[in-house]
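# Close look at the chain arrangement
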Amino acid sequence: MPTDLAVFIQDRAREHGGDRTRLLDVVRAVQEAFGHVSSEAMDLVAQALSVRRVEVEGVVSYYAFLSREPKGQVVIRLSDCPSCRIHGMEAVGAAFEEALGIRFGGTTPDGRITLEHTPCIGLCDQGPAALVNEVPITRLTPGKAREVSRLLVAGRTPWDLAPKARDTADPVARVHALVDSNIRKEGLVVFAPMPPGQAVRKALAGTPEAVIEEVKASRLCGRGGAGFPAGLKWEFARKAPGDAKYVICNADEGEPGTFKDRVILTENPDLVFEGMTLAAYAIGAAEGIVYLRAEYEYLRAHLEAVLARRRTEGLLGRAVAGRAGFDFDIRIQVGAGAYICGEESALIESAEGKRGVPRNRPPFPVTVGYLDKPTSVNNVETFCCAARVVDTGASCFSCVGSIRSTGTKLLSVSGDVARPGIYEVQFGQSIREFLEMVGGEDAIAVQVGGPSGTCIGPAEFERHIAFEDLATGGSMMVFGPGRDMVQVAAWFMDFFVHESCGWCTPCRVGNVLIRERVQRILAGRGVPADVAYLETLCTTVKKMSRCGLGQTSPNPVVFGLKNFRPAWEAHLGPDDGLNPAFDMDAALADAVRIAGREPVHP
Amino acid sequence: MDKPKIATASLAGCFGCHMSLLDIDERILKLIELVDFDKSPIDDLKTFTGRCRVGLVEGGCANQENVEVLRDFRKHCDVLVALGDCATMGGLPAMRNGIPLRECLEEAYRDGLTVHNPSGTIPNDPEIPLLLDKVRPLSDVVKVDVFLPGCPPPADAIWEAVTALLEGRAPNLTYDQLKYD
Ligand SMILES: Cc1cc2nc3c(=O)[nH]c(=O)nc-3n(C[C@H](O)[C@H](O)[C@H](O)COP(=O)(O)O)c2cc1C
Ligand code: SF4
Ligand code: SF4
């Protein structure tokens, strides 16, 4: 641990030129070095970056990976994603608690090891999984959890838990030694090879407008979830007035069950940077940012190495690919553990070193984005598709898929399937074909697009994966026979309650109320009226929330009640007017203890 | 044909809502033409004699007996009315909800400034119903059909509500009957 906090903070601030927008980097460094950002540290950061103390405290209190109270030098974050849960995460959690002698949320008495839950960390196909500081540990069993605990208690470092990765110098080999990419099906867009620079050179041979026209002609829609046409977005950003423009790659990948961006960044980062570079050419940007979720910190060295190589190849930096006047470089901004930072305007706020809360829209980022300049935010996969479009031509790209959904889509498949992992498929695949492909024919439910997406049962398995039917950012969770869909909905509501940014009441409060009522039903204390209450409440939250999170967070309940009604009704008690949610024995427990006598039951 | 029956109870309330019921003045004569009183402090009937059309319950649930009386009302009444703010939301008694039960008892029986209790004992006769950890509004415990706000609701509001419910229609309360400032 560095000895002098003040010197440490001044050094970090100096590295970033005292730039206020790098606040997140500075406090992240403090957190990493000192295990927390103390009150004193917040004052020093405020001074060093010339911001008000409250802004620093606002940031530190906002993000899950920052804390004002001391945490252990080692923080174990066990993913509590449903995919991990159905593969035995709870037994793993119990083993950690037992072996470390602490409960979740606690720190060992010597202050060295902290144990926490964390939402999905994008290792759903090899769960249960945990992050030990930045080191991912996959395929956990109770035995493995005890072994990890034993090593950590004995003073070993997180990297000692993955000796093969620790002893590997090559950055990409190191990532491979930590996690499996698990690519089950390669398609022609994302996982096909392309020599670095090929698409960029093709783009530079024409005008920026020609690049935009090509991407528009391909009918490429954004792969991050909302499906906005990429060419149109670039055109807006190009036409918007501004002395500087930015390209941002959204690698926040927080939707539970999504891990395809992790695999793209591991296996084909060149294609992503290729896409970012031609986007920069198209819109007229000189700077690009990859916003990488904190959970993927272990990818950073690998990505930095690829960026460095591209600089030496002349594909980044001054006069990209020899084109005088086209300067472009990319930096990596690591987040700090907040799902909402995947929402593009919240992402921009976060990249500016603030609390990652969504902005009011309009104005949209294409006109007022990063540092209030026109900005195109695109998903990792979208950049890959765009690079392929420019390389092979729009017609080659759009000849696969459906009329409205062109090209291929990466699916991150997890849950009750024989073959979890990554699949690059053509749009238009039916859910039945999908289930045959992944070995999940006996599924009772498929969660398409994560909890904020759609959950369907067998009656709808003839529907298709496409923007015009079942849209997905990539998350495909399969639930097999015997899974309780009410339990699944309750888990997803935990996620949204945890991840609501708290700005607006319908989302901040509404999701808590929804969760409370779902848990009541799950505990067998629900009545039919609770279902009606939930339906009204879900509508209110969806209609009244300020951003996409709250507008979709009730979906697990909405689709549950629509498509899995019998499962919900099976939990309900009779409608006799007596509210089973009231537990008299629990309500009397205090009095029994105080009075020292049992209640008299009539 | 038998007259419809009405039942009333005061749980964790101050009887103020019942006083307001009596404030219907001479209309009480009309009321007993319309209905028979079943279990109620008004006729001092302790147990239900049969099914009731309307049950008026004042006060929330502060102890086990309140819960049992309320459940009995729910079982016997077609329409259950939460009469007044205590019944609707817990009201004044619910002010203790933020304080642990033991502290409430100690303050009330031992430590309070106006308490004279040299032995320091806290009453604990088996006849005394045990207190709930928190005071609950009626709707936490049973399904409530009609909420009549006010502390207490004005007599005219009670009259309108009761006569409407006996006629099988929704009460039509004027702005004045729902305005309390
Ligand atoms: C709560 C929320 C979380 C989101 N998370 C992500 C994410 O992790 N990755 C992503 O690419 N887009 C995410 N989005 C969508 C982005 O706001 C944005 O639409 C997308 O990055 C645009 O890229 P595209 O046009 O290439 O799809 C999220 C949106 C919301 C409302
Ligand atoms: S909907 Fe939720 S996440 Fe979005 S602004 Fe409101 S509170 Fe924040
Ligand atoms: S609502 Fe008011 S009048 Fe009625 S019981 Fe409660 S305190 Fe008394």
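In the block above lies the structure referred to throughout.
Nothing here was measured: the structure is a model prediction, and the numbers come from that model. Just so you know, the residues in each chain are numbered from 1, in the order the chain's sequence is written. The lettering of chains begins at A and the numbering of ligands begins at 1, in the order of writing. This being a predicted model, a pLDDT of at least 70 is required before a residue's local features are given, and a value of 80 or more before pairs of side-chain atoms are given or counted; all residues contribute to the totals for chains, interfaces and linings. To get the side-chain values, take all heavy atoms of the structure and skip hydrogens and water.

### Describing unusual backbone geometry
Pro128(A) follows Gly127(A) through a cis peptide bond whose omega is -5°. A run of H or I in DSSP counts as a helix once it spans at least four residues, and a run of E counts as a strand once it spans at least two, with each numbered from the N terminus. Examined against the element boundaries, Pro128(A) turns out to sit in the loop between strand S2 (113-118) and strand S3 (130-132). With omega at 0°, the peptide bond leading from Pro362(A) into Pro363(A) counts as cis. Relative to the helices and strands, Pro363(A) is located in the loop between helix H16 (344-351) and strand S9 (375-379). Even without glycine at this site, Ala319(A) takes up a positive phi of about 45°. Residue position: Ala319(A) is located in the loop between helix H15 (300-312) and strand S8 (329-334). One non-glycine residue, Asp25(B), adopts positive backbone phi at about 55°.

### Looking at the sheet that holds strand S5 (residues 183-185) of chain A
Residue and element names in this part refer to chain A. Strand order in the open sheet formed by six strands is S5-S11-S10-S14-S12-S13, and the pairing between neighbours is mixed. Strands at the two margins of the open sheet, each flanked by one partner only, are S5 and strand S13 (454-456). Looking at each pair of strands side by side, their axes are set apart by 25° on average, direction ignored. One requirement defines pairing of two strands: DSSP has to find at least two bridges between them. Two elements, strand S12 (residues 445-448) and strand S14 (residues 475-479), share four bridges in a ladder whose sense is antiparallel. Among the inter-strand pairings, Val448 is bridged to a residue of S14, identified as Met476. Each of S5, strand S10 (408-415) and strand S11 (421-426) touches helix H13 (residues 260-267); the most contacted strand, S10, lies at about 120° to it. Here an angle of 0 to 180 degrees is reported between the N-to-C directions of two axes, which are lines fitted to C-alpha atoms, with helices fitted over the stretch in contact. The contact rule is simple, with two residues in contact once any of their heavy atoms fall within 4.5 Å.

### Overview of the side chain of Asp261(A)
All names here are of chain A. Its location among the elements puts Asp261 in helix H13. Looking at Asp261, the relative accessible area reads 2%, which means it is buried. Separated by 2.8 Å, the side chains of Asp261 and Lys260 make a polar contact. Residues within four places of Asp261 in sequence aside, it is in contact with Asn250, Glu253, Asn379, Val380 and Glu381. Each residue gets one of three labels from its accessible area relative to the maximum for its type: buried under 20%, exposed over 50%, partly exposed in between, using a 1.4 Å probe on protein chains only. Definition of a polar contact: a pair of N or O atoms within 3.5 Å, with one able to donate and the other able to accept a hydrogen when the atoms are protein atoms, and with sequence-neighbouring residues admitted only if both atoms are side-chain atoms.

### A few points about the site of ligand 1
Residues and elements named next belong to chain A. Near ligand 1 lie 19 residues; those nearest to it are Gly224, Asn250, Glu344, Asn379 and Thr382. Contacts to ligand 1 include Asn250, whose side-chain N or O atom sits 2.9 Å from an oxygen atom. One nitrogen or oxygen atom from the main chain of Val377 is found 3.5 Å from an oxygen atom belonging to ligand 1. Note on areas: these come from Shrake-Rupley sampling with a 1.4 Å probe, and a residue is covered only by the protein chains present in the view. For ligand 1, whose accessible area on its own is 610 Å², the fraction buried by protein is 88%. Elements represented by at least two residues in the shell around ligand 1 include exactly S9 and helix H24 (548-552). Looking at the shell around ligand 1, the element that brings in the most residues is S9, giving three residues. Just so you know the grouping, Ala, Val, Leu, Ile, Met, Phe, Trp, Tyr, Cys and Pro go in nonpolar, Asp, Glu, Lys and Arg go in charged, and all remaining residues, Gly too, go in polar. Partitioning the shell around ligand 1 into residue classes produces four nonpolar, nine polar and six charged. Neighbouring residues are identified by heavy atoms, a residue being near a molecule or strand if any of them is within 4 Å of it.

### Brief notes about the nonpolar core
In plain words, nonpolar cores are sets of buried Ala, Val, Leu, Ile, Met, Phe, Trp, Tyr and Cys residues tied together by side-chain atoms within 4.5 Å. Residues Val27(A), Ile76(A), Phe96(A), Trp234(A), Met276(A) and Trp568(A) are the most contacted members of the largest nonpolar core, which totals 173 residues. Not counting residues within four places of it along the chain, the set of residues in contact with Val27(A) comprises Val37(A), Val45(A), Val56(A), Val59(A), Val60(A) and Leu66(A). Core analysis: the next-biggest nonpolar cluster, separate from the first, contains 30 residues, Ala591(A), Leu11(B), Leu138(B) and Val144(B) among them.

### Structural notes on the pattern of salt bridges
Here, a salt bridge means any Lys or Arg side-chain nitrogen found within 4 Å of an Asp or Glu carboxyl oxygen. By the definition in use, this model includes 70 salt bridges over all chains. Here Arg112(A) and Asp110(A) are joined by a salt bridge, their closest N and O atoms 3.9 Å apart. Judged by relative accessible area, Asp110(A) falls into the exposed class, the value being 52%. Among the ionic pairs, Asp145(B) bridges to Arg74(B), the shortest N-O distance being 3.0 Å. Of this pair, Asp145(B) sits in the loop between helix H6 (138-141) and strand S7 (146-148) while Arg74(B) sits in helix H3 (residues 64-76), and the two are 71 residues apart along the sequence. Via salt bridges that share partners, Asp270(A), Glu274(A), Arg309(A), Arg310(A) and Glu313(A) belong to a single interconnected network.

### Brief notes about the site of ligand 3
Taken together, Gly13(B), Cys14(B), Gly16(B), Cys17(B), Glu58(B), Asp85(B), Cys86(B), Gly150(B), Cys151(B) and Pro152(B) form the complete shell of residues around ligand 3. At the level of secondary structure, the elements contributing two or more residues to the shell around ligand 3 comprise helix H1 (16-22) and helix H4 (85-89) of chain B.

### Topic: the pairing of S2(A)
Residue and element names in this part refer to chain A. With respect to burial, S2 is a largely interior element, five of its six residues being buried. Looking at chain direction, strand S1 (residues 74-79) and S2 are connected through six bridges and run parallel. In the sheet register, Arg77 faces S2, and the bridge partner there is Glu116.

### Some thoughts on the environment of Leu92(B)
All names here are of chain B. With respect to the helices, strands and loops of the structure, Leu92 is situated in the loop between H4 and helix H5 (101-111). Residue Leu92 is classed as exposed on the basis of its relative accessible area, which comes to 63%. Residues Leu92 and Gly59 lie 33 residues apart in sequence; the distance between their C-alpha atoms is 9.4 Å.

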